[in-house]
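A structural walkthrough
What follows is the residue order along each chain.
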Amino acid sequence: MTWRTHVMAGIVSLYGLPLGLAFDSMSLAILFAVLGSLLPDLDARESKLSNVAIGGVAPLKLVARLLSRSLGHRGPMHSLLAVLVVAVVFGLPLALLLDPFAGFGLTLGYLSHLLLDACTRSGVPLYWPDSGRVWLLPPKLRFVTGSAAEDGLFILLSFAASGLLLIHLFQFQNATTTFQTLPL
């Protein structure tokens with residue numbers, strides 16, 4: 001799947017979060033779900049995340065090269081073990097130090113990436129170190145990265161992500177309106 005499809009799926013993975021979540025918490029959950037949805041492809045030299053530049057410097061470029069060279073693409077970083085490592089090493093500190101939903105967002109975004117890639121023809125080594133690949137769809141329904149079918153999935157995910165954002169925006173709006181109309 002392409003980076004943009006992963007980003008939309010990362011946002012959609014947040015549908016399980018409670019309604020009425022504070023605006024700051026929801027914003028952090030979305031930010032970290034997007035980051036988590038791109039993290040597994042850091043094992044690819046030309047991933048979107050490895051090319052993000054800050055002040056003209058791509059800080060993750062070297063990390064991506066090292067991971068690509070040592071692990072290969074769609075290796076251990078596309079496994080449930082990697083989800084666990086990300087949740088404990090990054091998600092838990094985020095949850096404790098920043099906001100609980102930031103940690104949830106990162107982990108859910110990461111997991112959404114693996115689920116999407118398990119719907120492609122390449123599959124994923126979900127149970128690494130077992131090298132066997134896992135697919136979630138039968139062979140004829142598996143996606144080809146960059147295909148028209150993936151474009152259709154991207155559109156569906158975009159609508160779902162928009163719905164999620166609107167639901168939370170209206171919940172936040174209603175909570176704010178109710179608060180403002182309370183008598184002092």
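Predicted model, so just to flag it, every value in this text is computed and none were measured. (Residues numbered from 1 in each chain as written. Predicted model: local features only at pLDDT ≥ 70, side-chain atom pairs only at ≥ 80, totals over all residues. Heavy atoms only, no water.)

**Considerations on the packing of aromatic side chains**
Just so we agree on the cut-off: Think of it this way: a Phe, Tyr or Trp ring, Trp meaning its six-membered ring, pairs with another when their centres are within 6.5 Å, and the plane angle makes it stacked under 30 degrees, edge-to-face over 60, tilted otherwise. What counts as a helix is a DSSP run of H or I of at least four residues, what counts as a strand is a run of E of at least two, and both are numbered from the N terminus.
Under the definition given, this model contains one aromatic pair. Measuring from centroid to centroid gives 5.9 Å for Phe101 and Phe104, while their planes differ by 50°, and the two rings are tilted. One end of the pair is Phe101 and the other is Phe104, both in helix 5 (residues 100-117) and three residues apart, which spans about a single turn.

**Considerations on the packing of helix 1 (residues 3-12) against helix 5**
We apply this condition: Axis definition: a line fit to C-alpha positions, over the contact stretch in the case of helices; interaxial angles, taken between N-to-C directions, run 0 to 180 degrees. Each angle is binned into one of four classes, with values under 35 degrees roughly parallel, values over 145 roughly antiparallel, values of 65 to 115 roughly perpendicular, and all other values oblique. For a crossing to be left-handed, the near helix must be turned anticlockwise from the far one by less than a right angle; the clockwise case is right-handed. Every residue pair with non-hydrogen atoms within 4.5 Å of one another is taken to be in contact.
Interhelical geometry of helix 1 versus helix 5 gives an angle of 125° and a closest axis separation of 8 Å. Of the possible angle classes, the one that applies to helix 1 and helix 5 is oblique. Our pair here, helix 1 against helix 5, has a crossing hand that is right-handed. Mapping the contact onto sequence places Thr5, His6, Ala9 and Gly10 in helix 1 and Gly109, Ser112, His113, Leu116 and Asp117 in helix 5.

**Description of the pattern of salt bridges**
In plain terms, the rule: By definition here, a salt bridge exists when the distance from a side-chain nitrogen of Lys or Arg to a carboxyl oxygen of Asp or Glu is within 4 Å. Burial here depends on accessible area, computed with a 1.4 Å probe over protein chains only, as a share of the maximum for the residue type. Under 20% is buried, over 50% is exposed, and the range in between is partly exposed.
Under the definition given, this model contains three salt bridges. Salt-bridge contacts for Asp151 lead to Arg4; the nearest nitrogen and oxygen are separated by 2.7 Å. Within this pair, whereas Asp151 is found in helix 6 (residues 148-181), its partner Arg4 is found in helix 1, the two being separated by 147 residues in sequence. On the basis of relative accessibility, which here comes to 32%, the residue Asp151 falls in the partly exposed class.

**A word on helix 1**
Think of an α-helix as turning once every 3.6 residues; residues three or four places apart then point the same way. Across the ten residues of helix 1, eight count as buried, placing the element largely inside the fold. When we look at burial in helix 1, the residues that qualify are Thr5, His6, Val7, Met8, Ala9, Gly10, Ile11 and Val12.

**A look at a nonpolar patch on the surface**
Test applied: Exposure above 30% relative accessible area and the lack of any salt bridge qualify a residue for a patch; like charges then connect within 9 Å, and the nonpolar side chains Val, Leu, Ile, Met, Phe, Trp and Tyr within 5 Å. Each accessible area value is a Shrake-Rupley result obtained with a 1.4 Å probe; residue values ignore everything except the protein chains displayed when judging cover.
Judged by side-chain polarity, Leu81, Leu84, Val85, Val88, Val89, Phe90 and Trp128 come together as a nonpolar surface patch covering roughly 620 Å² of accessible area. Residue placement: Leu81 occurs in helix 4 (residues 80-97).

**So, the layout of surface pockets**
Gaps between atoms show up when a probe of the same size as a water molecule is rolled over them. The condition that has to hold: In the cavity and pocket records, a cavity denotes points on a 1 Å grid over the protein atoms alone where a 1.4 Å probe fits but cannot get out, a pocket denotes an open set with protein on both sides within 12 Å along at least 5 of 7 lines, and lining residues are residues with an atom within 4 Å of a point. Grid points are joined across faces, edges and corners, and a volume is the space filled by probe spheres set on the points. When residues are grouped by polarity, Ala, Val, Leu, Ile, Met, Phe, Trp, Tyr, Cys and Pro land in nonpolar, Asp, Glu, Lys and Arg in charged, and all others, Gly among them, in polar.
There is about 290 Å³ of room inside the largest pocket. Taken together, 13 residues form the lining of the largest pocket, with Leu39, Leu42, Val86, Phe90 and Tyr110 sitting closest to its centre. Secondary structure elements with two or more residues in the lining of the largest pocket: helix 2 (23-38), helix 4 and helix 5. With five residues, helix 4 is the single largest residue contributor to the lining of the largest pocket. Across the lining of the largest pocket, the residue classes tally to 13 nonpolar, no polar and no charged.

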